[in-house]
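# Descriptive structure summary
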Number of protein chains: 2
Amino acid sequence: MNMKEEIPYKIYLEEKEIPTQWYNVRADMKNKPAPLLNPATLQPLGMEDLNHVFCTELNKQELDNDTPYFDIPEEILNFYRMYRPSPLVRAYFLEKALGTPAKIYYKFEGNNTSGSHKLNSAIAQAYYAKKQGLKGVTTETGAGQWGTALSMACSYFGLDCQVYMVKCSYDQKPFRREVMRTYGAKVTPSPSLSTNVGRKILSEHPDTTGSLGCAISEAVEAATTQEGYRYVLGSVLNQVLLHQTIIGLETKKALDKYGIKPDIIIGCAGGGSNLGGLISPFVGEMLRGEADYRIIAVEPASCPSFTRGKFAYDFCDTGMICPLAKMYTLGSQFIPSANHAGGLRFHGMSTILSQLYNDGLFEAKAVEQTAVFDAATQFARVEGILPAPESSHAIRIAIDEAMKCKETGEEKTIVFGLTGTGYFDLYAYEAFNNGTMTDIIPSDETIDSFLSRLPKVD
Amino acid sequence: MNMKEEIPYKIYLEEKEIPTQWYNVRADMKNKPAPLLNPATLQPLGMEDLNHVFCTELNKQELDNDTPYFDIPEEILNFYRMYRPSPLVRAYFLEKALGTPAKIYYKFEGNNTSGSHKLNSAIAQAYYAKKQGLKGVTTETGAGQWGTALSMACSYFGLDCQVYMVKCSYDQKPFRREVMRTYGAKVTPSPSLSTNVGRKILSEHPDTTGSLGCAISEAVEAATTQEGYRYVLGSVLNQVLLHQTIIGLETKKALDKYGIKPDIIIGCAGGGSNLGGLISPFVGEMLRGEADYRIIAVEPASCPSFTRGKFAYDFCDTGMICPLAKMYTLGSQFIPSANHAGGLRFHGMSTILSQLYNDGLFEAKAVEQTAVFDAATQFARVEGILPAPESSHAIRIAIDEAMKCKETGEEKTIVFGLTGTGYFDLYAYEAFNNGTMTDIIPSDETIDSFLSRLPKVD
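Reading guide: rules and limits
- Residues numbered from 1 in each chain as written.
- Chains lettered and ligands numbered in written order.
- Predicted model: local features only at pLDDT ≥ 70, side-chain atom pairs only at ≥ 80, totals over all residues.
- Heavy atoms only, no water.
- Helix = DSSP H or I, 4+ residues; strand = E, 2+ residues; numbered from the N terminus.
- Buried < 20%, exposed > 50% of the residue type's maximum accessible area, 1.4 Å probe, protein only.
- Contact = heavy atoms within 4.5 Å.
- Areas by Shrake-Rupley, 256 points an atom, 1.4 Å probe, with all protein chains shown as cover.
- Lys, Arg positive; Asp, Glu negative; His and termini not counted.
- Charge placed at Lys NZ, Arg CZ, Asp CG, Glu CD.
- Salt bridge = Lys/Arg side-chain N within 4 Å of Asp/Glu carboxyl O.
- Buried area = accessible area lost by both parts, 1.4 Å probe.
- Nonpolar A, V, L, I, M, F, W, Y, C, P; charged D, E, K, R; others polar.
- Least-squares fit on C-alpha atoms with pLDDT ≥ 70 in both.
- Core = buried A, V, L, I, M, F, W, Y, C linked by side-chain atoms within 4.5 Å.
- pLDDT = per-residue confidence, 0-100.
- Pairing = 2+ DSSP bridges.
- Right-handed = clockwise from strand over helix to strand, strands pointing away.
- Axes fitted to C-alpha atoms, helices over the stretch in contact; angles between N-to-C directions.
- Parallel < 35°, antiparallel > 145°, perpendicular 65-115°, else oblique.
- Left-handed = near helix turned anticlockwise from the far one by under 90°.
- Phe/Tyr/Trp six-rings, centres within 6.5 Å; stacked < 30°, edge-to-face > 60°.
- 1 Å grid on protein atoms, 1.4 Å probe; cavity = no way out; pocket = protein on both sides within 12 Å on 5 of 7 lines; lining within 4 Å.
- Points joined across faces, edges and corners; volume = space filled by probe spheres on them.
- Polar contact = N/O pair within 3.5 Å; in protein donor to acceptor, adjacent residues only side chain to side chain.

## Topic: the overall build of chain A
Per the secondary structure count, chain A includes 19 helices and 15 strands. Structurally, chain A occupies a C-alpha span of about 65 × 50 × 50 Å along its principal axes. Split into buried and exposed, the 458 residues of chain A put 64% on the buried side. Counting contacts in chain A only where the partners sit at least 6 residues apart, residues at least 24 apart contribute 76% of the total. For chain A, the computed accessible surface area is about 16000 Å², with 50% contributed by carbon and sulfur atoms. Computed over 44 positive and 53 negative side-chain charges, the inter-centroid distance for chain A is 2 Å.

What follows is the structure, given as structure tokens:
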């Protein structure tokens with residue numbers, strides 16, 4: 001049988017084939033991720049610490065290192081049917097353009113109005129907030145991808161959604177702001193006069209255009225000072241990785257359906273939500289000794305936490321008020337160069353992925369942004385999808401690996417995660433099209449100076 | 001059997017079920033659409049007139065009133081597999097939100113980077129240009145939907161793509177411009193210094209922000225004065241409706257697969273490309289006496305060619321240099337109010353649709369834009385897709401009809417065309433969200449004054 005003839009351009013699972021459980025890779029990890037620490041006591045955070053800020057059911061998921069599978073509630077499965085299963089696309093056009101014998105597949109998460117995989121966790125977090133009887137949730141957003149996903153999810157469950165949006169994005173990138181408002185979210189430019197921390201920052205720096213760190217502080221304050229509100233977060237947390245395993249589980253099911261075994265699996269990495277979601281089921285097989293894969297995390301050279309960071313306890317926020325996590329970090333004060341356009345800006349990394357990387361379960365590569373946009377353009381022209389800059393990090397390495405196959409003649413099967421579309425990132429594309437985009441990579445001295453200031457935890 | 005249980009949220013045909021022929025509804029029309037007339041001689045246009053401006057093979061399709069089916073070339077089918085079949089979605093969420101017994105389906109054409117159905121004809125026109133050995137094509141674009149689709153198509157076939165983009169859109173809506181540039185198109189703000197007509201307009205009106213009429217004139221001049229170029233157009237023409245029948249053919253196949261017979265079919269109408277594509281196979285059944293449907297064309301109240309225009313010969317362009325078509329028209333000098341945000345701005349209508357409407361094959365309704373954006377928002381919140389303003393005209397009437405079913409208790413089956421997404425229309429959504437959007441409907445005096453100036457053709 002000629003399998004190639006049998007494999008369509010787009011593999012869609014049937015709706016009844018959507019996985020009904022999320023997979024918790026921690027259950028199969030011998031070395032569990034290190035616990036979050038209370039920044040005041042340096043003691044591991046427990047339910048009582050977390051319940052003040054986050055939804056109770058989500059905290060159970062956050063702290064559970066043992067349960068391998070969590071049932072996906074029927075209400076969430078229902079919502080998933082709105083935009084899932086997402087297609088696993090055979091990149092026939094890209095393969096042909098590259099002239100490679102490699103077989104390339106990508107799992108495309110961008111066919112929903114939030115434009116990315118973020119919706120997979122947003123709907124879960126909104127569901128548990130609703131189930132807890134809350135009035136609403138608060139969050140922060142930079143360019144607006146997470147805020148948009150959360151707005152859609154809250155609209156579905158009739159929850160109030162309060163988004164603190166970094167002021168410069170609120171003013172300069174009004175499009176995602178308007179999508180959020182269309183979904184009924186209250187979008188506040190941060191810093192704002194509606195919180196103590198916002199008022200304090202504005203009195204000290206009246207002309208500030210805001211920062212993600214400040215928006216986080218405002219969102220947490222808003223959640224903890226309003227009756228019936230909790231704070232939600234779109235990446236980094238264990239619960240987010242858990243929800244995002246729907247990506248990897250669908251991918252594996254689609255591959256299995258056609259008898260395809262990937263050789264290389266590639267995902268972009270910022271806080272880890274997409275990478276963790278995509279690779280968890282495959283890493284689980286590796287941890288259980290059932291299979292072996294080459295897995296590659298791709299990060300921006302301007303924010304290289306895996307490849308140049310340190311595996312250590314650090315604050316999760318620049319304000320140093322959030323818990324400490326043991327993770328690959330560049331230091332909580334590290335901020336990528338202002339000309340960095342490709343997202344994936346977090347200074348740290350999911351504790352699960354950090355532990356897995358430290359244990360050698362996957363490798364990591366850092367790529368420069370002009371090379372990323374070059375891959376994005378090449379991909380868009382042949383595959384017909386304008387990719388998000390974040391996703392394009394994975395495209396870059398997928399193309400590089402496919403070209404190596406061309407040299408060696410190997411027919412490797414490459415699977416990568418295409419997390420979303422770039423329809424709201426066109427200023428970055430414009431810079432690339434105009435030839436004004438540059439690569440600025442932090443010097444060793446810069447990185448050393450931030451790493452030397454990591455908190456001392458025994 | 002409980003059919004409802006059997007019908008998934010999204011009906012995807014298999015790739016091998018993609019129709020392999022376009023359907024030419026003219027073959028089944030007893031009253032053929034009236035021919036285009038040469039504006040100088042008022043004689044019907046023939047191949048020799050058309051070949052100077054358009055691709056030869058496309059002109060054959062344009063003039064052919066008899067051949068019922070045209071084979072879709074394999075290269076175009078290949079490209080279609082990149083983003084087709086498009087899903088026919090059962091709007092379970094919308095039905096539930098409305099509390100209607102009606103069954104609502106929509107054919108969603110927005111899951112591609114051009115964001116709309118325009119790609120269906122763009123790829124066909126690019127293919128025939130390539131096959132003719134041309135170097136490239138020229139076109140005009142307003143907000144950029146058609147230009148984006150054409151850029152993608154030309155990139156695929158390695159054709160040069162020259163887009164004249166209305167200057168105010170070029171400056172104020174840079175996003176689609178950058179998508180086009182990412183696909184390698186040369187995008188020129190119109191009026192420009194690169195054509196005689198552009199130079200003339202700029203010398204007379206140096207501060208003009210351009211118009212679609214002017215951009216058309218520049219694109220036609222560029223096509224006819226460069227060796228190896230032709231002009232292409234994204235709507236109105238018979239050939240465009242032919243290519244767009246892929247929408248209706250897939251819709252019908254998906255419905256037939258599940259034994260569903262629609263009672264009401266709804267499409268938005270500007271120049272007619274989507275409406276004609278969606279309804280042609282159903283109208284064909286009606287013309288052959290095989291079935292009966294209620295079909296509704298929906299147009300903006302600020303540009304009401306079907307509902308308030310006249311069925312008469314008129315120029316297709318404001319410059320009165322293009323051919324005359326017998327169509328429902330508001331007069332070639334008619335321009336919708338500047339505050340009109342919903343697209344569908346053409347003063348006339350496809351000659352095929354005009355003839356069918358005149359013969360009573362379907363009805364038409366005009367809707368005001370605040371009601372359209374209200375429907376758009378309602379739809380987005382429950383179905384998870386932010387719709388294009390154009391498509392939202394159809395949503396408005398679909399909701400209205402579903403609410404009538406709620407009153408009467410009738411379980412009618414409603415199918416509408418969701419032509420695209422609104423990701424590049426967020427200034428319009430912003431106006432709606434801010435409550436600053438208004439409805440301005442042309443007065444009878446205004447319309448009469450334009451209609452009184454229609455050209456005299458016996």
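Now, onward.
## Focus: the side chain of A:Ser392
With respect to the helices, strands and loops of the structure, A:Ser392 is situated in helix α17 (residues 389–408). The residues touching A:Ser392, leaving out its near neighbours within four places in the chain, are A:Val372, A:Ala375, A:Ala376, A:Pro387 and A:Tyr429.

## Brief notes about the pattern of salt bridges
Under the counting rule described, the total for this entry stands at 51 salt bridges over all chains. We note a salt bridge from A:Glu14 to A:Lys16, for which the minimum N-O separation is 3.3 Å. Accessibility expressed as a relative area gives 40% for A:Glu14, which makes it partly exposed. Note on A:Lys16: relative accessible area 72%, which makes it exposed. Salt-bridge contacts for B:Glu17 lead to B:Lys257; the nearest nitrogen and oxygen are separated by 2.9 Å. Pair noted here: B:Glu17 is in the loop between β1 (10–11) and β2 (21–23) and B:Lys257 is in helix α12 (residues 238–257), with a separation of 240 residues, a long-range link. Relative accessible area serves as the criterion here: at 40%, B:Lys257 is assigned to the partly exposed category. In the salt-bridge network here, residues are joined through shared partners; they are A:Arg84, A:Lys107, A:Glu109 and A:Glu250.

## What about the interface of chain B and chain A?
Of the residues lining the interface, 42 residues belong to chain B; the matching set on chain A comes to 42 residues. Together, the buried faces of chain B and chain A total about 4100 Å²; carbon and sulfur atoms form 56% of this surface. Taken together, the connections running from chain B to chain A amount to 4 salt bridges. B:Glu430 is the partner of A:Arg177 in a salt bridge, and the nearest nitrogen-oxygen pair spans 2.6 Å. Counting only elements with at least two residues in the side of chain B that touches chain A, the list comes to α4 (74–83), α7 (145–157), α9 (174–182), α16 (369–383) and α18 (426–433) of chain B. At 6 residues, the largest contribution of residues to the side of chain B that touches chain A is made by α9(B). Grouping the constituent residues of the side of chain B that touches chain A by class yields 21 nonpolar, 11 polar and 10 charged.

## Observations concerning the environment of B:Ser302
Residue and element names in this part refer to chain B. Within the fold, Ser 302 resides in the loop between β11 (294–300) and α14 (305–308). In this structure Ser 302 comes out as buried when scored by relative accessible area, which is 10%. Taking C-alpha positions, Ser 302 is 8.2 Å from Gln 369, a pair spaced 67 residues apart along the chain. Those residues in contact with Ser 302 that lie beyond four places of it in its chain are Phe 334, Pro 336, His 340, Ile 440 and Pro 442.

## Some remarks on the relation of the copies chain B and chain A
If you rotate chain B by 180° and push it 0.0 Å along the axis, it lands on chain A with an RMSD of 0.0 Å. On this basis, the relationship between the two copies can be described by a two-fold rotation axis. Scanning chain B for the C-alpha nearest the rotation axis identifies B:Asn111, at a separation of 3.2 Å. When the interface residues of chain B are mapped onto chain A, 100% of them are again interface residues, pointing to one common binding face.

## Thoughts on the nonpolar core
Generally speaking, soluble globular proteins have nonpolar side chains that are buried together. Ranked by internal contacts, the top residues of the largest apolar core, which has 243 residues, are A:Phe306, A:Phe362, B:Phe306 and B:Phe362. The residues contacting A:Phe306, other than those within four sequence positions of it, are A:Ala269, A:Leu275, A:Ala297, A:Glu299, A:Tyr328, A:Met349, A:Leu353, A:Ser354, A:Tyr357, A:Phe362 and A:Ala364.

## Some points on the confidence of the model for chain A
When pLDDT is averaged across chain A, the result is 95; 99% of the residues are at 70 or more. Overall fold confidence (pTM) sits at 0.96, and the ipTM for the predicted complex is 0.94.

## Regarding the sheet that holds strand β14 (residues 363–367) of chain B
All names here are of chain B. With mixed pairing, the 7 strands of this open sheet are ordered in space as β1-β4-β5-β15-β10-β11-β14. A single partner strand is all that each edge strand has here, and the edge strands are β1 and β14. By the bridge criterion, 3 bridges tie strand β4 (residues 88–90) to strand β5 (residues 103–108) in an arrangement that is antiparallel. Bridge pairing in β5 places Val 89 opposite Tyr 106.

## Here we look at the pairing of strand β10 (residues 264–268) of chain A
Residues and elements named next belong to chain A. When you tally the buried positions in β10, you get 5 out of 5 residues, the bulk of the element. What you see with β10 is no split at all: Ile 264, Ile 266 and Cys 268 on one side and Ile 265 and Gly 267 on the other are buried throughout. The pairing of β10 with strand β11 (residues 294–300) spans 5 bridges and is classified as parallel. Following the sheet pairing, Ile 266 is matched in β11 by Ile 296. Each parallel crossover has a hand, and for β10 linked through helix α13 (residues 273–287) to β11 it is right-handed. Bridge analysis of β10 against strand β15 (residues 413–418) gives 3 bridges, and the strand direction is parallel.

## Things to note about the packing of helix α6 (residues 119–131) of chain B against α12(B)
All names here are of chain B. Direction vectors running N to C along α6 and α12 enclose 125°, while the axes themselves pass 8 Å from each other. For the element pair α6 / α12, the angle class is oblique. The hand of the α6/α12 crossing is right-handed. In this structure, α6 contributes Asn 120, Ser 121, Ala 124 and Gln 125 to the contact, and α12 contributes Gln 239, Val 240, His 243, Gln 244, Ile 246 and Ile 247.

## Focus: the packing of aromatic side chains
All names here are of chain A. Here the structure, examined in full by the defined rule, presents 55 aromatic pairs over all chains. A ring pair is formed by Tyr 357 and Phe 362, whose centres lie 5.4 Å apart and whose planes are at 35°; its orientation type is tilted. Given a relative accessible area of 18%, Tyr 357 falls into the buried group. Take Phe 362: its relative accessible area is 5%, and that puts it in the buried class.

## Quick look at empty space enclosed by the protein
Vacant regions in the atomic arrangement are exposed by a probe of water-molecule size rolled over the atoms. On inspection of all chains with the given rule, the structure shows 8 cavities of 30 Å³ or more. There is about 400 Å³ of room inside the largest cavity. Taken together, 38 residues line the largest cavity, and the ones lying closest to its centre are A:Asn111, A:Asn112, B:Phe108, B:Asn111 and B:Ile385. Listed by contribution, the elements that provide at least two residues to the lining of the largest cavity are α4 (74–83) of chain A together with β4 and β5 of chain B. Residue contributions to the lining of the largest cavity peak at 3 residues, all from α4(A). Of the residues contributing to the lining of the largest cavity, the split by class is 19 nonpolar, 14 polar and 5 charged. A volume near 220 Å³ is recorded for the second largest cavity. In terms of lining, the second largest cavity is formed by 23 residues, of which the most central are A:Lys10, A:Ile385, B:Met82, B:Tyr83 and B:Asn111.

## Some details on the side chain of B:Ser337
For B:Ser337, the location among the structural elements is in the loop between β13 (324–329) and α15 (351–358). Engagement of the side chain of B:Ser337 in a polar contact is seen with the side chain of B:Asn339, the distance being 2.7 Å.

## Looking at the environment of B:Asn358
Residues and elements named next belong to chain B. As for its position among the elements, Asn 358 is in helix α15. Looking at Asn 358, the relative accessible area reads 40%, which means it is partly exposed. Expressed as a C-alpha distance, the spacing of Asn 358 and Gly 259, which sit 99 residues apart in the sequence, is 31 Å. Setting aside chain neighbours within four positions, we find Asn 358 in contact with Phe 311 and Tyr 328.

## What about unusual backbone geometry?
Omega for the bond connecting A:Ser190 with A:Pro191 falls within 30 degrees of zero, at 5°, which places this linkage in the cis form. By secondary structure assignment, the location of A:Pro191 is in the loop between β8 (186–190) and α10 (196–204). Look at the link from B:Arg84 to B:Pro85: it is a cis peptide, with omega at -5°. Take B:Pro85: it is sitting in the loop between α4 and β4. At A:Val236, a residue that is not glycine, the phi angle is positive and equals roughly 65°. Structurally, A:Val236 can be placed in the loop between β9 (229–231) and α12 (238–257). Take A:Val236: its relative accessible area is 16%, and that puts it in the buried class. One non-glycine residue with positive phi stands out, namely A:Leu344, at about 55°. Looking at the secondary structure, you find A:Leu344 in the loop between β13 (324–329) and α15 (351–358). The exposure class assigned to A:Leu344 is buried, which follows from its relative accessible area of 13%.

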